[in-house]
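Structure assessment
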Amino acid sequence: MSEINEIIHQPIRLKVMAALFAMESDAEADFTFLRDHLKLTDGNLGAHLEKLESAGYLSVRKAFVGRKPRTFLRLSRAGRRAFEDYVEALRKVIDAAHVAEVKQPERRK
Amino acid sequence: MEVTGKEAQEALQDVESVAKSVQGRLAYGIVGPILVLWGVVWMVCFALTHFMPQVAGWGWIVGDSLGIVGSIYLGTRGARAGAVRSESSKRMGWKLFWFWFLLFIYADIWLAVLWPWRGQQLGMFLVTLVMFAYVVMGLWLEMRFMLWLGLAVTVLACAGYVLSFLIPGYLDLWLGLAGGSALLASGFYLTLRWR
């Protein structure tokens with residue numbers, strides 16, 4: 001078993017990070033896009049974004065488009081690196097579990 | 001924090017599925033309405049070529065112009081209203097614009113060099129050229145749907161062309177129905193799937 005980033009591993013934050021990571025590195029996504037795409041409520045998404053922002057994983061920009069206030073989210077460099085490390089850690093856990101599975105029947109023999 | 005192999009596998013699957021859905025929505029969200037537009041243009045203009053060949057030339061000029069202006073409008077509107085903004089996608093938008101613009105310039109050169117051609121040859125040339133561009137875009141932008149759509153319509157068009165030697169006089173109608181409806185159906189599918 002390996003250490004996994006607890007902030008990212010929470011299911012909703014994981015999806016938010018995965019969605020932002022899948023975009024171009026200079027892309028910023030509208031709050032409503034993420035909310036609708038991930039089928040979340042304003043409050044739920046907002047709470048998780050705060051947590052990610054305080055960890056320094058994403059930056060939040062508020063702007064007016066026309067007369068409408070909009071919130072844009074962008075994965076920071078630290079967030080991108082943290083997510084890459086997180087995925088790498090997941091792969092290591094899976095590999096380790098696979099190796100353990102293979103060894104177990106051998107021990108039984 | 002420690003997780004089991006099963007939990008890690010599930011988390012990785014979540015990551016892959018979210019990434020796939022986001023990329024699909026960003027790539028195809030704008031393309032869908034553009035395909036619907038060109039499906040209608042093809043159906044109407046090829047039908048006009050079959051039923052009213054005397055006005056087909058003007059029909060194509062009007063249809064293509066509407067298609068080009070409409071595509072630019074839908075593309076820029078989609079990008080502006082788009083929930084995701086980035087300099088790299090803006091640059092990609094311009095690259096795509098120049099790609100299509102130059103393709104049509106080259107098509108004009110080839111058509112001038114290859115003159116004289118029959119109407120059916122012109123229809124086949126333009127359909128396969130546009131589908132070739134879809135295939136290139138599919139490979140270039142890793143949009144598998146565009147790749148298969150381009151190949152499928154090309155096969156349909158070629159089958160119609162071969163059959164037109166056995167049953168003459170219906171190629172334009174076939175190109176309009178088969179090509180146009182393929183574009184229309186794909187456009188509706190993408191629009192509904194990724195809206």
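Residues numbered from 1 in each chain as written. Chains lettered and ligands numbered in written order. Predicted model: local features only at pLDDT ≥ 70, side-chain atom pairs only at ≥ 80, totals over all residues. Heavy atoms only, no water.

**Concerning the packing of helix α2 (residues 11–21) of chain A against helix α4 (residues 42–54) of chain A**
Residue and element names in this part refer to chain A. Heads up, the rule is: Here the axes come from fitting lines to C-alpha atoms, over the contacting stretch only for helices, and the angles between their N-to-C directions go from 0 to 180 degrees. Strands here are runs of E lasting at least two residues and helices are runs of H or I lasting at least four, both read from the DSSP assignment and numbered beginning at the N terminus. Any angle from 65 to 115 degrees is called roughly perpendicular, while one under 35 is roughly parallel, one over 145 is roughly antiparallel, and all others are oblique. Residue contacts are defined here by distance: any two heavy atoms, one from each residue, within 4.5 Å place the two residues in contact. When residues are sorted by character, Ala, Val, Leu, Ile, Met, Phe, Trp, Tyr, Cys and Pro go into the nonpolar class, Asp, Glu, Lys and Arg into the charged class, and all the rest, Gly among them, into the polar class.
Orientation of α2 relative to α4, taken along the N-to-C sense of each, is 75°, at an axis distance of 10 Å. Relative to α4, the element α2 lies roughly perpendicular. Packed against α2, whose contacting residues are I12, R13, V16 and M17, the element α4 presents N44, L45, H48, L49, K51 and L52 at the interface. Classifying every residue of the contact of α2 with α4 by side-chain character gives six nonpolar, two polar and two charged.

**Notes on the confidence of the model for chain B**
All names here are of chain B. The line we're drawing: pLDDT is defined as a per-residue confidence score from the predictor, taking values between 0 and 100.
In the predicted model, chain B carries a mean pLDDT of 89, and the fraction of residues at 70 or more is 98%. By mean pLDDT, strand β1 (residues 84–85) is the weakest element of chain B at 79, and helix α5 (residues 144–166) is the strongest at 94. Confidence estimates for the predicted assembly give a pTM of 0.75 and an ipTM of 0.86.

**Re the interface of chain B and chain A**
Counted only if it meets this: When two parts are brought into contact, each loses some accessible area as probed by a 1.4 Å sphere; the total of that loss over both is the buried area. We define a salt bridge as a side-chain nitrogen of Lys or Arg found within 4 Å of a carboxyl oxygen belonging to Asp or Glu. Any pair of N or O atoms that falls within 3.5 Å is considered a polar contact. Within protein, one atom must be able to donate a hydrogen and the other to accept it, and sequence-neighbouring residues count only if both atoms are side-chain atoms. We treat two strands as partners when DSSP finds at least two bridges between them.
Contact with chain B, which involves 27 residues of that partner, is made by 32 residues of chain A. Here chain B packs against chain A, burying approximately 2,700 Å² in sum over the two surfaces, 68% of which is carbon and sulfur. Interface area lost by chain B to chain A is led by B:M1, B:V3 and B:R85, which between them contribute 25%. The interface formed by chain B and chain A includes zero salt bridges. Linking chain B with chain A are four residue pairs in polar contact (both at pLDDT 80 or more). Counting only elements with at least two residues in the side of chain B that touches chain A, the list comes to α1 (5–51), β1 and α3 (87–114) of chain B. Split by residue class, the side of chain B that touches chain A holds 13 nonpolar, eight polar and six charged. Examined bridge by bridge, strand β1 (residues 28–30) of chain A and β1(B) share two bridges and lie antiparallel to one another. Pairing of A:A29 across the sheet is with B:V84, part of β1(B).

**Observations concerning the pairing of strand β2 (residues 58–65) of chain A**
All names here are of chain A. Sheet topology places β2 next to strand β3 (residues 68–75); eight bridges connect them, and they run antiparallel. The partner of V65 across the bridge, within β3, is K68. In this structure, the hairpin formed by β2 and β3 is closed by a connection of two residues, where G66 is found at a positive phi of approximately 70°.

**Quick notes on the sheet that holds β1(B)**
Strand pairing in a sheet relies on backbone hydrogen bonds. The paired strands run either parallel or antiparallel. Here four strands make up an open sheet; going across it, the order is β2(A)-β3(A)-β1(A)-β1(B) and the pairing antiparallel. Two strands in the sheet have a free side with no partner beyond their single neighbour: β2 of chain A together with β1 of chain B. The sheet strands contacting α2(A) are β1, β2 and β3 of chain A, and the helix crosses β3(A) at an angle near 85°.

**A look at the pattern of salt bridges**
Residues and elements named next belong to chain A. Our working definition: Each residue is assigned to one of three classes by its accessible area relative to the maximum for its type, calculated with a 1.4 Å probe on protein chains only: buried under 20%, partly exposed between the two thresholds, exposed over 50%.
All told, the structure shown has six salt bridges over all chains when counted by the stated rule. Across the pair R35 and D36 runs a salt bridge, and its minimum N-O distance is 3.0 Å. With a shortest N-O distance of 2.9 Å, D42 and R35 are connected by a salt bridge. We classify R35 as partly exposed; its relative accessible area is 21%. Where salt bridges share partners, they join R35, D36 and D42 into one cluster.

**A few points about α5(B)**
All names here are of chain B. We count it as follows: Here the expected span of a helix is defined as 1.5 Å times the quantity of residues minus one.
Between its first and last C-alpha, α5 extends 34 Å over 23 residues, near the 33 Å set by a 1.5 Å rise per residue. All of the buried residues in α5 are M146, L147, L149, G150, V153, A157, G160 and S164. Among the structural elements, α1, α4 (119–140) and α6 (171–193) are those in contact with the buried residues of α5.

**Here's the deal with α3(B)**
Between its first and last C-alpha, α3(B) extends 40 Å over 28 residues, near the 40 Å set by a 1.5 Å rise per residue. Close packing links the buried residues of α3(B) with α4 of chain B.

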